[in-house]
Amino acid sequence: MTRRLAPWVAGVVALAALPAIVPNSFYLHVAIMILMWTLLGSAWNLLGGFAGQVSFGHAALFGIGAYVTMILFLKAGLAPWWGIPLGGLAAALVSLPIGLVCFRLRGPYFSLATLAVAEIVKLVALNWETVTNGSVGFLITTFPPVRFFGLAVDWESKLPFYALAALLALGGLAATAWLQTSRLGAYLIAIRENEEAAEAVGIDTVRAKVLTFALSAFLAGLGGGFYAAYFRYVDPDAVLNINLSMEMVFIAMVGGLGTVAGPLVGAVFLTTVGESVRERFQVGHLIFYGLFMMLAIRYMPEGIWGRARRLLAALRARVLGHVAA
Amino acid sequence: MSLLEVDGLTRFYGGLRAVGDLSFTVGEGEILGLIGPNGAGKTTVFNLITGFVQPSAGTIRLDGKSVVGLRPHAVAARGIARTFQVVKPFPGLTVKENVTLAAFLRHPSRRDAEAAALEVLGRLGLGHRAGDLASQLTLMDQKRLEVARALATGPRLLLLDEPMGGLNPSEVDVASRLVDQIRKGGVTVVLVEHVMKAIMRISDRVVVVSQGEKIAEGPPAQVVKEPAVLAAYFGKRAAP
Ligand SMILES: Nc1ncnc2c1ncn2[C@@H]1O[C@H](COP(=O)(O)OP(=O)(O)O)[C@@H](O)[C@H]1O
Ligand SMILES: [Mg+2]
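Here is a short report on the structure shown in this document. Not measured: the values here are computed from a predicted model. (Residues numbered from 1 in each chain as written. Chains lettered and ligands numbered in written order. Predicted model: local features only at pLDDT ≥ 70, side-chain atom pairs only at ≥ 80, totals over all residues. Heavy atoms only, no water.)

Section: the overall build of chain B
Point 1. What chain B contains, in helices and strands, is nine helices and ten strands.
Point 2. Reported as C-alpha extents along the three principal axes, the dimensions of chain B are approximately 55 × 40 × 35 Å.
Point 3. When burial is assessed residue by residue, chain B has 53% of its 240 residues classed as buried.
Point 4. Here the contacts in chain B between residues at least 6 apart in sequence split such that 64% fall between residues at least 24 apart.
Point 5. When the accessible area of chain B is evaluated, it comes to approximately 9,900 Å², of which 54% is carbon and sulfur surface.
Point 6. The average position of the 29 basic charges and that of the 23 acidic charges among the side chains of chain B differ by 2 Å. (Helix = DSSP H or I, 4+ residues; strand = E, 2+ residues; numbered from the N terminus. Buried < 20%, exposed > 50% of the residue type's maximum accessible area, 1.4 Å probe, protein only. Contact = heavy atoms within 4.5 Å. Areas by Shrake-Rupley, 256 points an atom, 1.4 Å probe, with all protein chains shown as cover. Lys, Arg positive; Asp, Glu negative; His and termini not counted. Charge placed at Lys NZ, Arg CZ, Asp CG, Glu CD.)

Thoughts on the packing of aromatic side chains
Point 1. Considering all chains together, one arrives at twelve aromatic pairs over all chains under this definition.
Point 2. Aromatic side chains Phe226 of chain A and Tyr230 of chain A sit 5.7 Å apart centroid to centroid with 15° between the ring planes, which places their arrangement in the stacked category. Of this pair, Phe226 of chain A and Tyr230 of chain A are both found in helix α10 (residues 205-231), four residues apart, which corresponds to roughly one turn of the helix.
Point 3. What makes Phe226 of chain A buried here is its relative accessible area of 1%.
Point 4. We classify Tyr230 of chain A as buried; its relative accessible area is 9%.
Point 5. Each residue in the set Phe62, Phe161, Phe226, Tyr227, Tyr230 and Phe231 of chain A is aromatic and connected to the rest through ring pairs, giving one cluster.
Point 6. Over the ring of Tyr13 of chain B we find Arg11 of chain B, and its NZ or CZ is 4.6 Å from the ring centre.
Point 7. Cation over ring: Arg149 of chain B sits above Phe90 of chain B, and NZ or CZ is 4.7 Å from the ring centre. (Phe/Tyr/Trp six-rings, centres within 6.5 Å; stacked < 30°, edge-to-face > 60°. Lys NZ or Arg CZ within 6 Å of the ring centre and 35° of its normal.)

Quick look at the interface of chain A and chain B
Point 1. With 20 residues of chain A in contact, the opposing surface of chain B contributes 21 residues.
Point 2. Taken over both partners, the interface formed by chain A and chain B buries close to 1,700 Å², and the fraction arising from carbon and sulfur atoms is 63%.
Point 3. We note a salt bridge from Lys88 of chain B to Glu196 of chain A, for which the minimum N-O separation is 2.9 Å.
Point 4. Connecting chain A to chain B are nine residue pairs in polar contact (both at pLDDT 80 or more).
Point 5. Those elements giving two or more residues to the side of chain A that touches chain B turn out to be α8 (183-193), α9 (195-200) and α10 of chain A.
Point 6. At six residues, α8 of chain A tops the list of elements feeding residues into the side of chain A that touches chain B.
Point 7. For the side of chain A that touches chain B, the residue count by class is ten nonpolar, five polar and five charged. (Buried area = accessible area lost by both parts, 1.4 Å probe. Salt bridge = Lys/Arg side-chain N within 4 Å of Asp/Glu carboxyl O. Polar contact = N/O pair within 3.5 Å; in protein donor to acceptor, adjacent residues only side chain to side chain. Nonpolar A, V, L, I, M, F, W, Y, C, P; charged D, E, K, R; others polar.)

Quick word on the sheet that holds strand β5 (residues 65-66) of chain B
Residue and element names in this part refer to chain B.
Point 1. The strand order across the open sheet formed by four strands is β2-β1-β4-β5, and the pairing between neighbours is antiparallel. Looking at the sheet topology across the chains shown, the edges are occupied by β2 (16-26) and β5.
Point 2. Judged from the seven bridges that link them, strand β1 (residues 4-13) and β2 form a sheet pairing that is antiparallel. When the bridges of β2 are listed, Glu5 appears paired with Thr25.
Point 3. The sheet contacts of helix α1 (residues 42-49) involve β1, β2 and β4 (57-62), and relative to β2 the element is tilted by about 70°. (Pairing = 2+ DSSP bridges. Axes fitted to C-alpha atoms, helices over the stretch in contact; angles between N-to-C directions.)

Re the coordination of the magnesium ion (ligand 2)
All names here are of chain B.
Point 1. In this structure, Thr43 (OG1) and Gln85 (OE1) serve as the protein donors to the magnesium ion (ligand 2), at separations of 2.0 to 2.1 Å. Of this pair, Thr43 sits in helix α1 while Gln85 sits in the loop between β6 (80-82) and α3 (95-103), and the two are 42 residues apart along the sequence.
Point 2. On the basis of relative accessible area, Thr43 is assigned to the partly exposed category, the value being 26%.
Point 3. For Gln85, a relative accessible area of 32% puts it in the partly exposed group. (Donors = N, O, S within 2.8 Å, 3.2 Å for Na, K, Ca; no water.)

Description of the sheet that holds strand β10 (residues 213-218) of chain B
Where strands meet in a sheet, backbone hydrogen bonds hold them as pairs that are either parallel or antiparallel.
Residues and elements named next belong to chain B.
Point 1. Taken together, six strands build an open sheet; the order of strands is β6-β7-β8-β3-β9-β10 and the sheet is mixed. A strand with exactly one partner marks an edge of an open sheet, and here the two such strands are β6 and β10. Averaged over neighbouring strand pairs, the angle between their axes works out to 20° when direction is ignored.
Point 2. Relative to strand β9 (residues 205-210), strand β3 (residues 31-35) runs parallel, the two sharing four bridges. Bridge pairing in β9 places Gly33 opposite Val206.

Structural notes on the site of ligand 1
All names here are of chain B.
Point 1. Around ligand 1, the neighbouring residues are Tyr13, Leu16, Ala18, Pro37, Asn38, Gly39, Ala40, Gly41, Lys42, Thr43 and Thr44.
Point 2. One of the side-chain N or O atoms of Thr43 is found 2.8 Å from an oxygen atom in ligand 1.
Point 3. Within the complex, 60% of the 560 Å² of free accessible area of ligand 1 lies under protein.
Point 4. Elements that contribute at least two residues to the shell around ligand 1 include exactly β2 and α1.
Point 5. Considering every element that reaches the shell around ligand 1, the biggest residue donor is α1, with three residues. (Near = heavy atom within 4 Å.)

Below you can see the structure in the form of structure tokens.
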């Protein structure tokens, strides 16, 4: 039990200490991005890594979370800390019909269907102007004043967002850890291994996939809601962009599919590589980013985390072997 | 009342009639042999009963209740388990994990499911391989795993699709005894098999299908002598 809790305690301590040791707010921004992408990679990983259902449409769920959070704030005056979870819930709700339709399809057909759904959602956002403001989108100018334990929250600093992102990322990791030990998680692995055999032994494969998709959508929607609050800006190009879907796929893949820490590792790697390259190469950064991901997938198909764990296990075996000999 | 009642079962694939107006029953505690030449429609019958394929016409009843239209997992929950002619293990999982996943159907808690899985594995002589990956098993053991997984769902009726295909004669003997043991354990069995020795030895009754239709039915020793059966298996010239 303590061994299982130890990495979590260490993680929480590190997260709490980080703002005190980073030299400036740019690094805090990088940390926030890593945490947001950890959440999003975890969201995608639940469905893609465990159940083997490769979605190319998670941008839609992210975007729904972002829009709901934004619209609730601007039109109903609902603060983002309510709007973000409601955005997650909205994404989960929307995922149900999407799942029921797309899960009729298998393999690449499922992936293409999710891609199509994401494009449809984007078209709706572009054209349903009375609700979404079309291609113009929304902008938040000021946040409501809040006090937290008697202290006024300074929304102009990155600290409140860092705290929120840390909470959300931990939530994503915890959801993965829960799934890994749950019966649902076992069902998903069975589905990934052989879907027909899974049905034959009594696993309701559609139900398992739809439930997982809803959980995944909830997390992706939380990520979108956070994005809206942090960047204070939402439009179809920003939050319903197919690049978002792809980055979630790559983070989960590079980090290591079906593992708890994989999305964190993937998010650290890609955010740091992506952000530092972006700084130096204003235009061509996406090419470097893509190239790096291709290499990672080519030479480390089990992901950085998977590879690291294997190397560690091998090392431990060798060391123990020496000790025994 | 019979445990399983199949009546007028028909399935078309485009213009091809894979199963046509097939009726048969299986009594509780029976071992029914379902035989016929390749392409006769035996696997399709299993697919129809277990909900993997929907019938074009006909009824299928377990204990008098229709199972037509149920998805495969729901058929399994009603108590019909099957094996696949071409084995479908969860290759990346261990033997124990393979069977535990099936045991979840009757044992929601992981501890109970694992215990049930180990019990079934022991019964099938696979206990010593519990920790091995399913993909590392020999064909014989993969076929056993297929049966173990089906049994772990706690079925009343077990449909075995050529469980002895590709096994050598001594392995066939072992497998035959196993099927008999399963029946003694209270599970009714429908056995599709090409190994006639096994069919003759363990079936109480045999249904012969050819081109999707039933051409003979009765005790095995009697059925194999019928001209229609000989004709179906060996062509018209062999018929007396
Ligand atoms: N999914 C399918 N699509 C088209 N034809 C099929 C399909 N499944 C089976 N068939 C055809 O139905 C007939 C019966 O096949 P099958 O049930 O596998 O026979 P058996 O198990 O007795 O060898 C064969 O002619 C086969 O080609
Ligand atoms: Mg067959």
